[in-house]
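# Observations on the three-dimensional arrangement
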Amino acid sequence: MIRFLIICTVLGLAYCSFIILGQFDSNLTITLNDYSIETTSFALLTLLIILVSILIIILKAIFYIFKIPSIIKQKLHEKRNRKAYYSMVQAIAELLIGNKSKSYNVAKNLQSTLTINFPEFFNLIFAETEEDNEKKIQYLRDLIKSKDYIFFAAKSLEQIFYGSSLYQQSMHYANLAFNVNEFDVEVLDILINCYAKLSL
């Protein structure tokens, strides 16, 4: 509606301008070689406006044609990202319901697409789904670099090392987890047990 009113206003102003210019119109004679063209200043101005408008339209069309490949590329990129984000949600959902293998496979397929922008997501999924302890530890150590996942990663590492009887390393991560959340009972339990084991 607003656009329609703007167009009507512009056309009305243009019409009024043409009427006013027509009242001050004067005859002009343009000589080119042996040819003489008789016209009016109003007609000449109108012709110039039309030519400039046509030129602008042509230039815009040319620029748009050159932009088509980048527009197509951007649309494909957006479509690929939407699909990847959907798969991310699917991987988290599968992990929440306990289907670790499917969650791992979905995240693995996404790794090359979004690993640069979302490294924490992949480290979290792989840390939770990886069966090999060495790889799991590496994922958790990468994850601990992110402040949002320090407690989760430290607590998971303390449990892994405590289960492997590596009490010194377990105590290191237990202290780290304790500094983030001093009220977690499991962290306190492992921390006390580590002190007890190391003091023997």
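All values reported here derive from a predicted model rather than from experimental measurement.

## Describing the overall build of the chain
Each helix and strand in the chain was counted, giving 8 helices and 2 strands. Looking at the 200 residues of the chain, the share that counts as buried comes to 23%. Taking all contacts inside the chain whose residues are at least 6 apart in sequence as the whole, residues at least 24 apart take part in 39%. As displayed, the chain offers around 14,800 Å² of accessible surface, 64% of which is attributable to carbon and sulfur atoms.

## A word on the packing of aromatic side chains
Counted according to the given criterion, the structure contains 6 aromatic pairs. Pairing Tyr 162 with Tyr 167 gives two aromatic rings, centres 5.5 Å apart and planes at 65°, and the pair type is edge-to-face. Judged by its relative accessible area of 23%, Tyr 162 falls in the partly exposed class. Each residue in the set Tyr 104, Phe 121, Phe 122, Phe 126 and Tyr 139 is aromatic and connected to the rest through ring pairs, giving one cluster.

## Considering unusual backbone geometry
A positive phi is found at Ser 165, a non-glycine position, where the angle reads about 65°. Along the chain, Ser 165 turns up in the loop between helix 6 (150-163) and helix 7 (167-180). Assessed through its relative accessible area of 44%, Ser 165 is described here as partly exposed.

## A word on the nonpolar core
Among the nonpolar cores identified, the biggest contains 26 residues, and Phe 121, Phe 122, Ile 125, Phe 126, Leu 140, Ile 144 and Leu 157 are the most heavily contacted of them. Secondary structure elements with two or more residues in this core: helix 2 (41-96), helix 3 (100-114), helix 4 (119-129), helix 5 (133-143), helix 6 and helix 7. In terms of residue count, the dominant contributor to this core is helix 6 (6 residues). Every residue in contact with Leu 157, bar those within four places of it in the chain, is listed here: Ile 137, Leu 140, Arg 141, Ile 144 and Tyr 173. Within the second largest apolar cluster, 5 residues are counted, among which are Ala 174, Ile 190, Leu 191 and Cys 194.

## Some remarks on a nonpolar patch on the surface
A cluster of nonpolar residues, Ile 50, Ile 54, Leu 55, Ile 58, Leu 59, Ile 62, Phe 63 and Phe 66, forms a patch on the protein surface that exposes about 780 Å² of accessible area. Counting through the fold element by element, Ile 62 comes out in helix 2. Judged by its relative accessible area of 36%, Ile 62 is partly exposed.

Reading guide: rules and limits
- Residues numbered from 1 in each chain as written.
- Predicted model: local features only at pLDDT ≥ 70, side-chain atom pairs only at ≥ 80, totals over all residues.
- Heavy atoms only, no water.
- Helix = DSSP H or I, 4+ residues; strand = E, 2+ residues; numbered from the N terminus.
- Buried < 20%, exposed > 50% of the residue type's maximum accessible area, 1.4 Å probe, protein only.
- Contact = heavy atoms within 4.5 Å.
- Areas by Shrake-Rupley, 256 points an atom, 1.4 Å probe, with all protein chains shown as cover.
- Phe/Tyr/Trp six-rings, centres within 6.5 Å; stacked < 30°, edge-to-face > 60°.
- Core = buried A, V, L, I, M, F, W, Y, C linked by side-chain atoms within 4.5 Å.
- Patch = residues over 30% accessible without salt bridge, like charges linked within 9 Å, V, L, I, M, F, W, Y side chains within 5 Å.
- Salt bridge = Lys/Arg side-chain N within 4 Å of Asp/Glu carboxyl O.

Everything listed here is a matter of geometry and, on its own, says nothing about what the molecule does.
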